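Here is how the chains run, residue by residue.
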Amino acid sequence: MVILDRIKKMKRLLIEATTPKSLLLQLLQGSSLLDTLKRMVDKDSDIILLYVDIANFHQVVQTSGSSIARQIINILHNALKDKTALFVNCCGDILVEHLWGDDFLVLCQQNVPVSYEQLNKVSTALRLTLEEILKVELIKLTGINLKLHLGFTVINGCSKLTPEQALYNALKEAQRVAKGSWNQQTVHMLGEFNNLLEKKDFQIVYQPIVSLQTGTILGWEALTRGPKDSAFMFPTVIFNFAEEVGLLFPLEKVCRELAIKNFGQAYGNQKLFLNIHPYIVNDPQFVKGETKKLLDDSVLTASNLVFEITERQSINDFGRFNKTLAHYRGQGYQVAVDDAGAGFSSLQTIAEIRPEYIKIDASLVRDIPTNRVKQALLETFVTFAEKIGCSIIAEGIETEEELTTLCSIGVHYGQGYFLAHPSFPKPDISPPALKKIISLASRPPAGVWQKAFPIGEISTPAVQIPVNTPVKNLKEIFDTNDPLSGFVVTDFGLPVGLIMRHHLDRYLGTQYGVALYFERPVSLIMDKRPLMVDLSLPIEQVSQLAMNRDKLKLYDNVVVTRENALLGVVSVQTLLDTMTKIRIEVAKGTNPLTGLPGNLSIEKEINSRIREKNDFDCIYLDLDNFKSYNDRYGFENGDRLLLMAARLLSSVVYKYGNLTDFVGHIGGDDFVVLTKKDSSEWICQKYISYFDRLVKGLYTPKDKQEGGFYGQDRQGQKMWFPLVSVSLAIVNCSGISSSDELAKNAAQLKNFAKSKNGSIYVRNQRKIFYNRI
C-alpha cells in the first residue's frame, strides 16, 4: 500500500512537471522576469503583458540557417526595446524578455487603466511598426518578409493570484489573442482609419531637398503624419495598415490632394516630391487624371511634380508600369526612385524606369565620413547617375560631417535633419547648413589666397515700412521719391519681407490690381522670403546666392542683418560694382573665371620651389578640341566646360594629392599642377577617368551618342571633331633652374601628348597612358 501511494505521488509529480505551466515556470527560474513582476504587483496597479512571435519562423531557420535566425531574433529584441514605449503608455521601465525560440514577452506597469479597444489599437500599431523594421533588415539578410503575431492582456494588480499563476494565465491569454484575432484587431482600428480618410484628417509636412553645390532648394518632399495621440500618428503605421486592409489607393489620393493643396507658392521650377506606391498604377482613377484636376486648382503645374516611387514591393509588370509613367512624363511630370541602397529599389528598377532622380537611402549616408566602402559606393552612384543623365539625392543627412563628405564626393542634392526638419509651412534650409554648403562650394583650391570681403562693408541703411502699411500709402511714397527702389517690411523692428518698386507695379498693373490690393496691407504682396544674409557673409558668396535667385527676383535688394535684426540693404548694382573691383584686384594674381592662381602666382610658386631645391613634378594640362566646342556651343557653355575642368582638377588634387600641392590656371584651357613625384601619375589617371565621364554631360544627346560633331577648322574646312579630351604632360623638375626652362620643357612634352588621340598623359615620349574607360 505504501509503495502504491509512492508510485501515485511520483506519477502526479511527473505529470505536473510536464505540464506547460510547470515547464514555463521552470524555464523562468533564475530569470529577472518573476522578480520584476512581483515588484510590479506590489504597486497594486495594472500590468500590460504583450506576447510576440514570428509567423512561420521555422521556415526561416530551415532555409536561411541558425545564424540568420539569431540575427532576426536580435533585431526583433532591439526593436521591441526601442519602439514599445512609443505606443504603450508605461509608468517606469519596460521589461522585454526573450522566452525561447522566436517568442517574446513584454511587461509594462500602468498607472491609468487602459481599455481593451485602446490596447487593440496600440498593439496593432506596434505590430505594424515592428514588421516595417524587420522588413528593412530582412530584405538585406534573406530577401523575404515576415509577419508577426502580437497579443496582449492585462494582469490585474489587485489579483489574489500568485505572480507565477498570474503570469501563466496572462501569457496563455495573450497567445490566444495573438494567434486568433489578427482580423479582430484590424476591424477595431478600421473604423478610426476610415474616419480619418473621410475627414482627410492627416497633416502634411514638407522637407526641403537642397543642392549641395549652391545651397538652393530644388523642392520639398511631402510627408504624411497622423493626429497626435492616435494609433495612426506615425507614417509607417498609416501606410502599412492601409496596405493591409486594401485602402492604400484612397489614402495616397488624400495625401496627394493635401500635399498639393497646402504646398503654397512655388518659385521658378521648384519641385514637390510625392510618394506613390508602384501598385498605384493599377488604380483606374490615378490614370484618369486625378492629379491633373488637383493641379488645375493650385499654383503648381505638371513640371513642378516628381513622383517618388516607394518600392517596398517588387514591380512585376514593368511594361505596364512604364506605360503609365510615359503617359505622365509626356505631360511634364518627373520620376524619382526611393530607397536606393536599402534593398528595396533594385538596380533593375532603376534601369527599367530611368528616373530623373535616384534617392540614396539614409543607411548609406550614416557614418559615411569614416566608411570608405560607403564613400566608394556613393562615388560610383554619382558617376552612374551622370552617365544616364539623372541626379543623386542623399537622404538622412544628420551631421555636418556627413554633409561635408557628400559635397566632396559630388552628390548633387541632399535631404535630412541637418539641412531642415520636416515641418509646415515649407521650411528653408537651416543657416548652418547653408553656410557650410556655400563655404565648401567656394573653397579655394590648394595654393589660392582669397580675402573674405564681408557684405556688411557695402550695405546702406534700409528704408523701412511696417507690415500693416496699406498698399496705397506705399504707392504714394514711391511716386514722390523717385530714387527709392524698394522697402524692407518690418514687424516690431525685425525684417519680415521686401517690396520692390517693379513688383508693386506688376501687381497694380493688372486689370483688377488696384481694386484687389490698393486698400490691403503690404504684407499681402511683399516677398516673404527675400534674400537675407548676415553682415559677416563674404560678398562672393552673397553674389552667388543673388545670381541663383528666381528670375523675377534677380534684381531685388539683398537684406543684410546683424543677429537677425535689420542692418541695411545692398542693391544688385552695388554688389556687381564691388565684385568687379575685387576681381580686377584679384585678377592680378588669380584667373577671373576659375578663381585659380594666375600666371604671376604660378611663376612665383615654381621659382620658390626651385630655389628650395624641392624635387617635385609639374603637370601641364591642356584641353583638346576646346575651340571647336566653343564655336558650336557658345562662350557661355565654353566657360562652363572650363569651370568643370578647373573644379575637377582642384577636387582630384585635393583628394589624391598632398596638402602642399598647387593648382594654377595659365589661361584659356591650360592648367598646371605642382605635386610630389609619387602622386603625379595617380592624379593624372584619376583626372582623365573622371573628365571623360563628366564632359559628356555638356553635349547634346545626339553629339554625345555619336562621339562628336562636324564643324569647321581654322581654315574653314568641314571636318570631324571628337568630344573634348585632355592631354597632360608630367615634367620632373629636378635639375631645372628656372620657370622659363620648365615652361619650355612642359610645352614640348604637351605638344607630343596632343599629337595622340583621346585623353592621355605622358611622363616622357616613351611612357604614355591612354584612357581605356
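This is a predicted model, so every value here is computed, not measured.

## A look at the overall build of the protein
Step number 1: When you go through the protein residue by residue, the secondary structure sums to 29 helices and 26 strands.
Step number 2: Looking at the 773 residues of the protein, the share that counts as buried comes to 49%.
Step number 3: The long-range fraction of contacts in the protein, counting pairs at least 24 apart against all pairs at least 6 apart in sequence, stands at 69%.
Step number 4: In the form shown here, the protein has an accessible surface area of approximately 37900 Å², with 52% of it arising from carbon and sulfur atoms.

## Let's talk about the sheet that holds strand 1 (residues 47–54)
Note on sheets: strands pair through backbone hydrogen bonds, and any given pair is parallel or antiparallel.
Step number 1: Taken in spatial order, the 4 strands of this open sheet run 2-3-1-4, and their pairing is antiparallel. Since the sheet does not close on itself, it has two edges, and those belong to strand 2 (94–100) and strand 4 (148–155), each with one partner. Geometrically, the sheet is characterised by an average inter-axis angle of 20° between neighbouring strands, direction not taken into account.
Step number 2: Across 6 bridges, strand 1 lies against strand 3 (residues 103–109) in antiparallel orientation. Pairing of L49 across the sheet is with L107, part of strand 3.
Step number 3: Packed onto the sheet, helix 5 (residues 66–87) meets strand 1, strand 2, strand 3 and strand 4 and runs at close to 160° relative to strand 2.

## Here we look at the packing of helix 19 (residues 471–480) against helix 20 (residues 501–508)
Step number 1: For the pair helix 19 and helix 20, interaxial distance at closest approach is 11 Å and the crossing angle is 125°. On the basis of their axis angle, the class for helix 19 and helix 20 is oblique. Where helix 19 crosses over helix 20, the handedness of that crossing is left-handed. In contact with V471, L474, K475 and F478 of helix 19, helix 20 contributes R501, L504, D505 and L508.
Step number 2: Each residue belonging to the contact of helix 19 with helix 20 can be placed in one class, and the counts come to 5 nonpolar, no polar and 3 charged.

## What to know about the confidence of the model for the protein
Step number 1: The predicted model of the protein has a mean per-residue pLDDT of 80, with 85% of residues at 70 or higher.
Step number 2: Mean pLDDT per element in the protein: helix 1 (residues 2–17) is the minimum at 44, and strand 12 (residues 413–414) is the maximum at 94.
Step number 3: Note that residues 442–452 has pLDDT below 50 and, in this model, 18 contacts with residues that lie over four places away or in other chains.

## What about the packing of helix 9 (residues 235–244) against helix 10 (residues 248–261)?
Step number 1: Close contact between helix 9 and helix 10 brings their axes to 8 Å; oriented N to C, the two are set at 140°. In terms of orientation, helix 9 lies oblique with respect to helix 10. Between helix 9, through I238, F239, A242 and E243, and helix 10, the contact on the second element is made entirely by L248, L251, E252 and C255.
Step number 2: Along the lines of polarity and charge, the residues of the contact of helix 9 with helix 10 split into 6 nonpolar, no polar and 2 charged.

## As for unusual backbone geometry
For residues that are not glycine, phi is negative in most cases, and the peptide bond is trans in most cases.
Step number 1: With an omega of 0°, the peptide bond running from F424 to P425 counts as cis.
Step number 2: The phi angle at K200 is positive, at roughly 55°, despite the residue not being glycine.
Step number 3: Inspection of the secondary structure puts K200 in the loop between helix 8 (182–199) and strand 5 (203–211).
Step number 4: Its relative accessible area of 34% is what places K200 among the partly exposed residues.
Step number 5: With phi around 65°, N625 is a residue other than glycine that occupies positive phi space.
Step number 6: Checked against the element boundaries, N625 lands in the loop between strand 19 (616–624) and helix 25 (626–633).
Step number 7: The class for N625 is partly exposed, based on a relative accessible area of 27%.

## Looking at the sheet that holds strand 5
Step number 1: Pairing is mixed around the closed barrel formed by 8 strands, whose spatial order is 5-6-7-8-9-10-11-12.
Step number 2: Here 8 bridges tie strand 5 to strand 6 (residues 217–225), and the two strands are oriented antiparallel to one another. Bridge assignment links I209 to a residue of strand 6, and that residue is G219.

## Description of the pairing of strand 18 (residues 565–570)
Step number 1: Pairing analysis gives 5 bridges linking strand 17 (residues 558–562) to strand 18, with the strands arranged antiparallel. The partner of T561 across the bridge, within strand 18, is L566.
Step number 2: Counted along the chain from strand 17 to the antiparallel partner strand 18, the turn is 2 residues long, and its residue E563 has a positive phi close to 50°.

## Quick look at the nonpolar core
Step number 1: Counting 102 residues, the largest nonpolar core has I72, L76, F193, F202, L272, L406 and V411 as its most contacted members.
Step number 2: In this structure, L621, Y633, L698 and I730 belong to the second largest nonpolar core, which totals 37 residues.

## A few points about the pairing of strand 1
Step number 1: Burial within strand 1 is extensive, with 8 of its 8 residues counted as buried.
Step number 2: Relative to strand 4, strand 1 runs antiparallel, the two being bridged by 8 bridges. Counted as the bridge partner of L50 is F152 from strand 4.

Rules of the game
- Residues numbered from 1 in each chain as written.
- Predicted model: local features only at pLDDT ≥ 70, side-chain atom pairs only at ≥ 80, totals over all residues.
- Heavy atoms only, no water.
- Helix = DSSP H or I, 4+ residues; strand = E, 2+ residues; numbered from the N terminus.
- Buried < 20%, exposed > 50% of the residue type's maximum accessible area, 1.4 Å probe, protein only.
- Contact = heavy atoms within 4.5 Å.
- Areas by Shrake-Rupley, 256 points an atom, 1.4 Å probe, with all protein chains shown as cover.
- Pairing = 2+ DSSP bridges.
- Axes fitted to C-alpha atoms, helices over the stretch in contact; angles between N-to-C directions.
- Parallel < 35°, antiparallel > 145°, perpendicular 65-115°, else oblique.
- Left-handed = near helix turned anticlockwise from the far one by under 90°.
- Nonpolar A, V, L, I, M, F, W, Y, C, P; charged D, E, K, R; others polar.
- pLDDT = per-residue confidence, 0-100.
- Core = buried A, V, L, I, M, F, W, Y, C linked by side-chain atoms within 4.5 Å.

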